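One-letter residues, chain by chain:
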Amino acid sequence: MNLSVRNKLAFCLGAFGKDIVYMLVNNYLLYYYNVVLGMNAAFIGAVLMGARIFDAFNDPLMGIVVARTKTRFGRFRPWIMSGTVLNALTIYALFAVPRSMGDSPMRIWMAVFYIAWGVTYTLMDIPFWSMIPAITSPGKDREQLSSFARSAAGIGDAVPTVLTMIVVPLLSGTSALAGYWLGFKYWALIIAIVFVVSELVFVLNVPEKRPEEMESVGIRQMFVSLFRNDQAMTVASAVILVYMALGIVGNLILYFFQFDLGDTDVYSIFTAGCFLSQVIFMLLVPALRKKIEKLRLFSLGVAVQVIGFIILLAMAFSGAYKGAWAVLLIPGMLVYAGYGVLNVMLTIFLSDSVDYGEVKNGTREESVIFSMQTFTVKLASGLAAFLSGLALDWISLDPEAAVQSAGALSGLRVWMTIPPAILLVAAFIIFKRFYKLDDGKMAQIEAKLDKEGGQDL
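Residues numbered from 1 in each chain as written. Predicted model: local features only at pLDDT ≥ 70, side-chain atom pairs only at ≥ 80, totals over all residues. Heavy atoms only, no water.

Undergrad: Hey, could you run me through the overall build of the protein in this one?
TA: The number of helices and strands found in the protein is 15 helices and 0 strands. Evaluated residue by residue, the protein yields a buried proportion of 60% over its 457 residues. Within the protein, contacts between residues separated by at least 24 positions form 85% of all contacts whose residues are at least 6 apart in sequence. When the accessible surface of the protein is split by element, carbon and sulfur atoms take 66% of a total near 17,100 Å². (Helix = DSSP H or I, 4+ residues; strand = E, 2+ residues; numbered from the N terminus. Buried < 20%, exposed > 50% of the residue type's maximum accessible area, 1.4 Å probe, protein only. Contact = heavy atoms within 4.5 Å. Areas by Shrake-Rupley, 256 points an atom, 1.4 Å probe, with all protein chains shown as cover.)

Structure, rendered in structure tokens:
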């Protein structure tokens, strides 16, 4: 299928919209319920982890439902739009906790709406990314769309990460943490509206193949084919490790700026620099791919991130950032540059595993395979939040205290750097050992696939 510039821009807008809601939850849910509302961090992490266990069953089933969907509007787009509207409602509810609510009812509220948020995000996220291998062929077109879409998603990541700690105090009308509950409520509403508008533009402007021209197979065959696709399972394992690494530092770095550096105002400038680095390197992936084989590029992305974490750890314990916080941009931009490369490459790897599975197993399961990405990304964020919550308890960080103990600050510095670096090294080892879809192998696979595309909707 040949995509026009309008189609690609609409796809990128959809990627932007879906990631602004994801990153608000991923980076600020722990902070909102722990620091602003005073809920126990370990409990929050446990809820997030429990929801991911539920997703272990929900996400693959949703992938199968999408794969078996046939409507006159297509296979993917009806789910994308309906999931978007429902998810917008749940994200608003997550950040609109009634101020008069006690601790126990608040815990129930958070658990119910977080699970609902995860389910409704699945409704739209699986069909969204499933469209890449469904509407592109292996090689240049797929890598270009993946790069552009992930870059747009990176900008979507940056919007709530950079602006939240600027906008929330303004919307709250106060700089006191206790008043932030109102700012988060209005900020979540704004993001929910932007989300719905961006996905509406997406579904109206991105075509897909007619459902009657796409193969549909049984549920049992879907699961059998999924677990026989060793390359998809390898990518899923790497996704968990890479996203866990970023999730841990993403959850804890705000605590570092507030309680260690003592200045949350510069946090937004720091994250803006980091995300600028991420987006630049996402956009550079197609150019880098002309000179660097894709598995080597993945390895370079891991190496850059690990170096960034090592520098950040050294700066944190040396006190080099005291009075000159801008030096933290050096390791921060390295970490996010490496992540930008890995983010695009993992999407390409997973798309390639769809073609590999078709050749190996005789069936094509975009939605089922990309349900693994949705599940693994949410699993990684849940594990990261769970470990971050436990870490905050273990190091005895008190969100109500103006000054933290030396032990708590040292523990915070260690937790936001060493575990992420270890997880990235593990991802590199798994890929080095098990992934085999290099450029030569994908050229062979492409030659075996039927090149006839379906009509556009």
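Now that the structure is up, let's keep going.
Undergrad: Looking at this model, I keep getting lost on the environment of Asn2. Mind explaining?
TA: Summarising the element assignment, Asn2 is placed in the segment before α1 (5–36). Relative accessible area serves as the criterion here: at 72%, Asn2 is assigned to the exposed category. Sequence separation between Asn2 and Pro207 is 205 residues; the distance between their C-alpha atoms is 9.9 Å.

Undergrad: What should I look at first to understand the packing of aromatic side chains in this one?
TA: The relation between two aromatic rings is expressed through the spacing of the ring centres and the mutual angle of the planes. Taken as a whole and assessed by the stated rule, the structure comprises 26 aromatic pairs. Relative to Phe257, the ring of Phe256 lies with its centre 5.9 Å away and its plane at 85°, an arrangement referred to as edge-to-face. Ring pairs connect the aromatic residues Tyr28, Tyr32, Tyr33, Phe95 and Phe184, which therefore count as one cluster. Taking the ring centre of Phe43 as reference, the NZ or CZ of Arg107 above it sits at 4.4 Å. (Phe/Tyr/Trp six-rings, centres within 6.5 Å; stacked < 30°, edge-to-face > 60°. Lys NZ or Arg CZ within 6 Å of the ring centre and 35° of its normal.)

Undergrad: Explain the pattern of salt bridges here, please?
TA: Should the charged atoms of two oppositely charged side chains come close, the side chains can pair. With the rule as written, the count across this model stands at 8 salt bridges. Across the salt bridge formed by Asp125 and Lys18, the nearest N and O atoms sit 2.6 Å from each other. Of this pair, Asp125 sits in helix α4 (residues 103–135) while Lys18 sits in helix α1, and the two are 107 residues apart along the sequence. Accessibility expressed as a relative area gives 1% for Lys18, which makes it buried. As a salt-bridge pair, Arg289 and Asp439 come within 2.8 Å of each other at their nearest N and O atoms. In this pair, Arg289 sits in helix α9 (residues 267–289) while Asp439 sits in helix α15 (residues 439–448), placing the two residues 150 residues apart along the sequence. For Asp439, a relative accessible area of 32% translates into the label partly exposed. Because the salt bridges share partners, they merge into one network encompassing Lys18, Asp19 and Asp125. (Salt bridge = Lys/Arg side-chain N within 4 Å of Asp/Glu carboxyl O.)

Undergrad: What should I look at first to understand the packing of helix α10 (residues 294–318) against helix α14 (residues 418–434) in this one?
TA: Describing two packed helices takes the angle between their axes plus the distance from one axis to the other. Close contact between α10 and α14 brings their axes to 9 Å; oriented N to C, the two are set at 165°. Put simply, α10 runs roughly antiparallel to α14. The handedness of the crossing between α10 and α14 comes out as left-handed. In contact with Leu295, Phe298, Ser299, Val302, Gln305, Val306, Phe309 and Leu313 of α10, α14 contributes Ile418, Pro420, Ala421, Leu424, Val425, Ala427, Phe428 and Phe431. For the contact of α10 with α14, a count of residues per class yields 14 nonpolar, 2 polar and no charged. (Axes fitted to C-alpha atoms, helices over the stretch in contact; angles between N-to-C directions. Parallel < 35°, antiparallel > 145°, perpendicular 65-115°, else oblique. Left-handed = near helix turned anticlockwise from the far one by under 90°. Nonpolar A, V, L, I, M, F, W, Y, C, P; charged D, E, K, R; others polar.)

Undergrad: Would you mind showing me how to read the side chain of Thr417 here?
TA: In this structure, Thr417 sits in the loop between α13 (406–415) and α14. Given the relative accessible area of 2%, Thr417 is considered buried. Setting aside its immediate chain neighbours within four residues, Thr417 contacts Phe309, Leu312 and Leu313.

Undergrad: Would you take a moment to explain unusual backbone geometry for this structure?
TA: One non-glycine residue, Ser396, lies in the positive phi region at around 60°. Looking at the secondary structure, you find Ser396 in the loop between α12 (366–394) and α13.

Undergrad: Help me understand the confidence of the model for the protein in this model?
TA: Low-pLDDT stretches of the model should not have their predicted coordinates read in fine detail. In this model, the protein carries a mean pLDDT of 84, and residues with pLDDT of at least 70 account for 89%. For the stretch residues 211–219, pLDDT sits under 50, and the model shows 26 contacts to residues farther than four places along the chain or on other chains. Note on residues 452–457: pLDDT under 50 across the span, and 20 contacts to partners over four residues away in sequence or across chains. (pLDDT = per-residue confidence, 0-100.)

Undergrad: For this particular structure, what's the right way to read the nonpolar core?
TA: One recurring pattern in soluble globular proteins is that nonpolar side chains are buried together. In this structure, Phe11, Tyr33, Phe95 and Leu346 are the most contacted members of the largest nonpolar core, which totals 148 residues. With sequence-adjacent residues up to four places away left out, Tyr33 is seen in contact with Gly38, Met39, Ile44, Leu94, Val97, Met106, Trp109 and Met110. (Core = buried A, V, L, I, M, F, W, Y, C linked by side-chain atoms within 4.5 Å.)

Undergrad: Even after reading the chapter, I still don't get helix α11 (residues 329–361), so can you show me in this structure?
TA: The α-helix winds at 3.6 residues per turn, so residues separated by three or four positions along the chain end up facing the same way. Over its 33 residues, α11 runs 47 Å from end to end, which matches the ideal 48 Å to within 8%, given 1.5 Å per residue. By the criterion of burial, α11 is predominantly enclosed, with 27 of the 33 residues buried. Phi for Gly362, located one or two positions after α11, is positive at around 85°. (Expected span 1.5 Å × (residues − 1).)

Undergrad: Can you walk me through the environment of Ser277 in this structure?
TA: You can see Ser277 is positioned in helix α9. Ser277 sits in the buried class, given a relative accessible area of 7%. Between the C-alpha atoms of Ser277 and Gly154, which are 123 residues apart in sequence, the distance is 10.0 Å.

Undergrad: Could you clarify how one ought to interpret a nonpolar patch on the surface in this entry?
TA: The grouping of Leu13, Leu189, Ile193, Val197 and Val201 at the surface amounts to a nonpolar patch, some 370 Å² of accessible area in total. Element by element, the count of residues in the nonpolar patch is highest for helix α6 (residues 180–205), at 4 residues. Among the secondary structure elements, Ile193 is positioned in helix α6. (Patch = residues over 30% accessible without salt bridge, like charges linked within 9 Å, V, L, I, M, F, W, Y side chains within 5 Å.)

Undergrad: Please clarify how α14 should be interpreted in this entry.
TA: When the terminal C-alpha atoms of α14 are compared, their 25 Å separation across 17 residues agrees well with the 24 Å that a helix rising 1.5 Å per residue should span. Next to the buried residues of α14 lie α8 (230–261), α10, α11 and α13.

Undergrad: I would appreciate a short explanation of the side chain of Gln305 in the present structure.
TA: Locating Gln305 in the fold gives a position in helix α10. Using a relative accessible area of 1% as the deciding quantity, one classes Gln305 as buried. Beyond its immediate chain neighbours, meaning those up to four positions away, Gln305 contacts Leu334, Val335, Gly338, Tyr339, Leu342 and Leu424.

Undergrad: Looking at this structure, I do not really get the environment of Ala41. What am I missing?
TA: Checked against the element boundaries, Ala41 lands in helix α2 (residues 41–67). By relative accessible area, Ala41 is classed as buried at 3%. For the pair Ala41 and Pro399, spaced 358 residues apart in sequence, the C-alpha to C-alpha distance is 9.9 Å. Dropping the residues within four chain positions of it, Ala41 is found in contact with Leu30, Asn34, Gly389, Leu392 and Asp393.

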